[in-house]
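Residues per chain, in single letters:
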Amino acid sequence: WAAWKTYLGRPDTDRIRCMAMDRIGNALFENRRPEEALRVFEASLAWKKRYWPHNEEIFLIAQANLAASLFALGRHDEALILMRELYARRVAIS
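Here the structure is a predicted model, which is why all the values come from computation and not from measurement. (Residues numbered from 1 in each chain as written. Predicted model: local features only at pLDDT ≥ 70, side-chain atom pairs only at ≥ 80, totals over all residues. Heavy atoms only, no water.)

Now, about the overall build of the protein: what can you tell me, with residues and values included?
Check the secondary structure of the protein and you find five helices and zero strands. What you see in the protein, going N to C, is helices and strands ordered as α-α-α-α-α. For 94 residues, the compact-globule estimate of 2.2 N^0.38 gives 12 Å, and the protein sits close to it at 14 Å. Its C-alpha atoms give the protein principal-axis dimensions of about 35 × 30 × 15 Å. Summed over all atoms, the accessible surface of the protein reaches about 6200 Å², with 57% contributed by carbon and sulfur. Of the charged side chains in the protein, 15 are positive and 12 negative, and the gap between their average positions amounts to 4 Å. (Helix = DSSP H or I, 4+ residues; strand = E, 2+ residues; numbered from the N terminus. Rg over C-alpha atoms; globule rule 2.2 N^0.38 Å. Areas by Shrake-Rupley, 256 points an atom, 1.4 Å probe, with all protein chains shown as cover. Lys, Arg positive; Asp, Glu negative; His and termini not counted. Charge placed at Lys NZ, Arg CZ, Asp CG, Glu CD.)

So, in C-alpha coordinates, the structure goes:
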(Lines give C-alpha, C1' and ligand atoms only; values in the text may rest on other atoms or scores of the structure.)
Protein backbone atom coordinates (compact mmCIF):
# COMPACT_ATOMS: atom_id res chain seq x y z
CA TRP A 1 0.00 0.00 0.00
CA ALA A 2 2.93 2.33 0.48
CA ALA A 3 3.41 2.47 -3.29
CA TRP A 4 -0.24 3.47 -3.67
CA LYS A 5 0.47 6.70 -1.78
CA THR A 6 2.78 7.69 -4.64
CA TYR A 7 -0.18 7.76 -7.02
CA LEU A 8 -2.89 8.92 -4.65
CA GLY A 9 -2.24 12.59 -5.37
CA ARG A 10 -2.83 12.14 -9.11
CA PRO A 11 -6.24 13.01 -10.58
CA ASP A 12 -8.88 10.27 -10.56
CA THR A 13 -8.76 10.20 -14.35
CA ASP A 14 -5.02 9.48 -14.45
CA ARG A 15 -4.40 6.12 -16.16
CA ILE A 16 -1.19 5.53 -14.20
CA ARG A 17 -3.17 5.79 -10.97
CA CYS A 18 -5.68 3.30 -12.37
CA MET A 19 -2.89 0.92 -13.35
CA ALA A 20 -1.40 1.23 -9.85
CA MET A 21 -4.70 0.18 -8.30
CA ASP A 22 -4.86 -2.84 -10.60
CA ARG A 23 -1.29 -3.76 -9.69
CA ILE A 24 -2.17 -3.68 -6.00
CA GLY A 25 -5.09 -6.01 -6.67
CA ASN A 26 -2.87 -8.34 -8.68
CA ALA A 27 -0.21 -8.36 -5.96
CA LEU A 28 -2.80 -9.22 -3.32
CA PHE A 29 -4.18 -12.00 -5.50
CA GLU A 30 -0.72 -13.40 -6.26
CA ASN A 31 0.05 -13.41 -2.54
CA ARG A 32 -3.01 -15.55 -1.81
CA ARG A 33 -5.14 -12.73 -0.47
CA PRO A 34 -8.13 -13.02 -2.85
CA GLU A 35 -10.65 -11.45 -0.49
CA GLU A 36 -8.65 -8.24 -0.30
CA ALA A 37 -7.91 -8.42 -4.03
CA LEU A 38 -11.63 -8.74 -4.74
CA ARG A 39 -12.34 -5.49 -2.91
CA VAL A 40 -9.62 -3.70 -4.87
CA PHE A 41 -10.86 -5.13 -8.18
CA GLU A 42 -14.44 -4.12 -7.37
CA ALA A 43 -13.32 -0.56 -6.65
CA SER A 44 -11.21 -0.54 -9.79
CA LEU A 45 -14.14 -1.68 -11.95
CA ALA A 46 -16.40 1.01 -10.46
CA TRP A 47 -13.71 3.60 -11.10
CA LYS A 48 -13.33 2.49 -14.72
CA LYS A 49 -17.08 2.59 -15.29
CA ARG A 50 -17.12 6.14 -13.98
CA TYR A 51 -14.16 7.58 -15.91
CA TRP A 52 -13.76 5.35 -18.97
CA PRO A 53 -17.27 4.08 -19.77
CA HIS A 54 -16.51 3.47 -23.46
CA ASN A 55 -13.30 1.46 -23.05
CA GLU A 56 -14.49 -2.12 -23.44
CA GLU A 57 -11.01 -3.64 -23.08
CA ILE A 58 -10.43 -2.32 -19.57
CA PHE A 59 -13.84 -3.62 -18.48
CA LEU A 60 -13.01 -7.08 -19.79
CA ILE A 61 -9.72 -7.13 -17.89
CA ALA A 62 -11.35 -5.83 -14.71
CA GLN A 63 -14.09 -8.45 -14.89
CA ALA A 64 -11.55 -11.22 -15.50
CA ASN A 65 -9.74 -10.11 -12.34
CA LEU A 66 -13.01 -10.18 -10.42
CA ALA A 67 -13.86 -13.64 -11.74
CA ALA A 68 -10.45 -15.00 -10.74
CA SER A 69 -10.84 -13.63 -7.22
CA LEU A 70 -14.34 -15.02 -6.88
CA PHE A 71 -13.14 -18.42 -8.06
CA ALA A 72 -10.25 -18.38 -5.58
CA LEU A 73 -12.73 -17.63 -2.80
CA GLY A 74 -14.82 -20.66 -3.76
CA ARG A 75 -17.60 -18.52 -5.22
CA HIS A 76 -17.62 -20.61 -8.38
CA ASP A 77 -21.18 -19.84 -9.53
CA GLU A 78 -20.55 -16.10 -9.48
CA ALA A 79 -17.20 -16.55 -11.22
CA LEU A 80 -18.80 -18.68 -13.92
CA ILE A 81 -21.46 -16.06 -14.62
CA LEU A 82 -18.78 -13.40 -15.07
CA MET A 83 -16.64 -15.65 -17.27
CA ARG A 84 -19.62 -16.40 -19.52
CA GLU A 85 -20.32 -12.68 -19.85
CA LEU A 86 -16.67 -12.08 -20.68
CA TYR A 87 -16.66 -14.78 -23.32
CA ALA A 88 -19.83 -13.43 -24.95
CA ARG A 89 -18.44 -9.88 -25.02
CA ARG A 90 -15.10 -11.06 -26.44
CA VAL A 91 -16.90 -12.93 -29.23
CA ALA A 92 -19.06 -9.88 -29.94
CA ILE A 93 -16.12 -7.48 -30.33
CA SER A 94 -13.87 -9.79 -32.32
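For the nonpolar core, give the residues involved together with the corresponding values.
Formed by 16 residues in total, the largest nonpolar core has its most connected members in L28, V40, L45, L66, L70 and L82. For this core, the elements supplying multiple residues, two or more each, are α2 (15-30), α3 (34-51), α4 (56-72) and α5 (76-93). The element contributing the most residues to this core is α3, with six residues. (Core = buried A, V, L, I, M, F, W, Y, C linked by side-chain atoms within 4.5 Å. Buried < 20%, exposed > 50% of the residue type's maximum accessible area, 1.4 Å probe, protein only.)

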